[in-house]
Amino acid sequence: MGLGTGALPLSAAINWVIKDGFGQLGGVLYAMMVGQKFDSDPKHLRFWSAVWLQSATWLEMLAPLAPHLFIPIGSVANVGKNISWLAMSATKASINKSFCLKENLGDLTAKHGSQATAAGLLGTAAGILIGATMDITIYTLIVGFVPISLLSLWGNYKSLLYTVTPSLNLERASHMVSEAVSVDPHGQLVLDPYMLKSPRQVSKVERFMRETRHISPNGMLPGIILLPDIDKIYKELPSDVDTEHKQSIVAEMVSSAFGTQTANGTCSENYYIGYLAGSTANKSRNGNIYIWFNTQATSRDMLFGLYHSVALRQLLGHTSGLSDVNTIAALSEQAYHFARHSFTDFGESLIIKGWDISTVYFAKRSDLVQVNLSKTDDVC
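The model shown is predicted, which means the values in this text are computed figures rather than measured ones.

Calculation rules
- Residues numbered from 1 in each chain as written.
- Predicted model: local features only at pLDDT ≥ 70, side-chain atom pairs only at ≥ 80, totals over all residues.
- Heavy atoms only, no water.
- Salt bridge = Lys/Arg side-chain N within 4 Å of Asp/Glu carboxyl O.
- Helix = DSSP H or I, 4+ residues; strand = E, 2+ residues; numbered from the N terminus.
- Buried < 20%, exposed > 50% of the residue type's maximum accessible area, 1.4 Å probe, protein only.
- Polar contact = N/O pair within 3.5 Å; in protein donor to acceptor, adjacent residues only side chain to side chain.
- Pairing = 2+ DSSP bridges.
- 1 Å grid on protein atoms, 1.4 Å probe; cavity = no way out; pocket = protein on both sides within 12 Å on 5 of 7 lines; lining within 4 Å.
- Points joined across faces, edges and corners; volume = space filled by probe spheres on them.
- Bend = angle between axes of the 7 residues up to and from the residue.
- Contact = heavy atoms within 4.5 Å.
- Phe/Tyr/Trp six-rings, centres within 6.5 Å; stacked < 30°, edge-to-face > 60°.

A. Inspection of the pattern of salt bridges at higher detail. Counted under the stated rule, the structure contains 6 salt bridges. Between Lys43 and Glu206 there is a salt bridge; the shortest N-O distance is 3.2 Å. Residue Lys43 is found in helix H3 (residues 42–62), and its partner Glu206 is found in the loop between helix H8 (199–203) and strand E4 (214–215); the two are separated by 163 residues along the sequence. Glu60 serves as the salt-bridge partner of Lys81, at 2.7 Å between the closest nitrogen and oxygen. With a gap of 21 residues between them, Lys81 in helix H4 (residues 70–98) and Glu60 in helix H3 connect regions that are remote in the sequence.

Encoded structure:
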C-alpha cells in the first residue's frame, strides 16, 4: 500500500497535532469573543467552563465508538477543554479575590491550588481503585461517568452561590437597587439607602447561569431593556397592530429618546431613555423602558443612566397605559432631576455597602451607539 516504516507513526503524530491545533485555536477565538465578560460575569463563565469540560470529556469517551471520526471528535473535544481551561484561569483571580478578608490574594490562590491538587489525587486514586475491581468497558465507563459528571456540576453550582462579586453588571445592579427607590404618597420619588443590598445579599439571589440584558417587569413596574436593537423593537408590540404602524410608534419613541432628551440636559450623561407602553417584551403588563449608551459613556454615565431608568420605572409603575409623549417626557424629567439630586448619596451608599463602582459592566464597547448630533441639535 506504499506505507514506509515511518508512515504510520508520522500519520498518527500529524493527527494529534491537527487535533491539538484546532483545540488551541478554538480557545484563542473564545478569548477574543468573550473578553471583558471574564470580569463582569465570572460566576457565569466559571459555571459554563465546567459544563464545557464535562461535555468535552463525554465526547472523548465516545471517540472509540467511531474511530474513523477520531480527528473531528478529538478536535471538538479539545476546543471544549481549551475553552474550559481558559475560562477557569481567567475567572480564578476574580473569584479568589471575593474570598479575601484582607490583602492575601496570593496566600488564598496557593491554598486554592493545593485543594485542587489534593482533589485531583483523590480522584485519580478512586479511578484506579474502581478500575482494579470492575470489568471496565466503554459502556460501563459511560454509565459511570454520567452521575459523577452531574455531581461535579452540582458541586460547581453550589460553590458559586457562596462567591461574592462586588462589581456591578445588570443582573447584580437590578437586585441591588430593587427596593431602594420608591414613590411616596405624594407622588415624589424617595431613595432609602438602607434598602440597598450588599454584594453578599445579592450573591444569594443572583442568577448566573445565563446572561442578563434586561431587568424583568414586576407587576405594574415596566421592564428595563438595555441596548436593544432599534430595528427589532417593533416586534415587541402587540401582534394585532400592523407592521407599518408599529414601526411608526417605535420611530416616535426613538426620536423622543435621542432627539428631545437634550431638553433636560441629559445629553451630557451620554445615555438615552425611551418608553413604550405597548411593549409586551418579557411578558410586561405595563410596557418597557429602553436605554442606550453612546460611545462616550463612562462607568459613571452608565450607573447614572440605570439609576434614572429605575426612578422612571417607579413613576410609571403608578400609572398604566401611558402613550402621550409629553406626559412620558415629563415623568422622565422628574426621574432625571431626582436622580441628579440624589446620585451622590446613592454612589456613596454603594461604596459603604461594599460595591466597586469604579467600573460597571452594563455593556460592551461594541454595543454602544454612535450618535452624531447636527449643529442645530447639539445644545450641549
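B. Inspection of helix H7 (residues 170–177) at higher detail. Within H7, 8 of the 8 residues are buried, which leaves it mostly tucked inside the rest of the structure. One side-chain oxygen of the residue at the start of H7 lies 3.3 Å from the amide nitrogen of Glu171, identifying that residue as Asn169.

C. Here's a closer look at the pairing of strand E7 (residues 288–293). The element E7 is extensively covered by neighbouring structure, given that 6 of its 6 residues are classed as buried. Here E7 shows two buried faces, one formed by Asn288, Tyr290 and Trp292 and the other by Ile289, Ile291 and Phe293. Pairing geometry for strand E5 (residues 223–226) and E7, over 4 bridges, is parallel. Within E7, the residue paired with Ile225 across the bridge is Tyr290. The sheet contact formed by strand E6 (residues 271–276) and E7 spans 6 bridges and is antiparallel. Note on E7: the bridge partner recorded for Tyr271 is Phe293.

D. Representation of empty space enclosed by the protein within the structure. Tallying each qualifying case throughout the model produces 1 cavity of 30 Å³ or more. The volume enclosed by the largest cavity comes to roughly 40 Å³. Around the largest cavity sit Ala173, Met176, Val177, Leu303, Leu306, Tyr307, Val310 and Phe346, which together line it. Here the lining of the largest cavity gets 4 residues from one element, more than from any other, and that element is helix H10 (residues 299–317).

E. Fine view of helix H11 (residues 325–353). Ser342 marks the point of greatest bend in H11, at about 55°. Two residues or fewer past H11, Gly354 is found with a positive phi of approximately 110°.

F. Here's a closer look at unusual backbone geometry. Residue Leu227 is not a glycine yet carries a positive backbone phi of 50°. Following the sequence through the fold, Leu227 ends up in the loop between E5 and helix H9 (243–259). Positive phi outside glycine occurs at Lys283, with the angle close to 60°. Topologically, Lys283 is positioned in the loop between E6 and E7. In this structure Lys283 comes out as exposed when scored by relative accessible area, which is 80%.

G. Fine view of the environment of Pro193. Within the element layout of this structure, Pro193 appears in the loop between strand E3 (189–191) and H8. Using a relative accessible area of 27% as the deciding quantity, one classes Pro193 as partly exposed. Separated by 156 residues in sequence, Pro193 and Ser349 have C-alpha atoms that sit 6.1 Å apart. Once residues lying within four places of it in the same chain are set aside, the contact partners of Pro193 are Ser349 and Lys353.

H. Structural view of the sheet that holds E5. Here 4 strands make up an open sheet; going across it, the order is E4-E5-E7-E6 and the pairing mixed. The open sheet has two edge strands, E4 and E6, and neither has a second partner. Inspection of the sheet shows E4 paired to E5 by 2 bridges, in the antiparallel sense. The partner of Ile215 across the bridge, within E5, is Ile224.

I. Representation of the packing of aromatic side chains within the structure. Tallying each qualifying case throughout the model produces 15 aromatic pairs. Note on Phe47 and Trp48: the rings are 5.6 Å apart at their centroids and 85° apart in plane angle, and the pair reads as edge-to-face. Overall, the relative accessible area of 7% leaves Phe47 in the buried class. Under the relative-accessibility criterion, Trp48 is labelled partly exposed at 32%. Geometrically, the ring pair formed by Tyr157 and Phe208 is tilted, given 5.4 Å between the ring centres and 35° between the ring planes. Linking Tyr157 in helix H6 (residues 138–160) with Phe208 in the loop between H8 and E4, this pair joins segments that are 51 residues apart in sequence.

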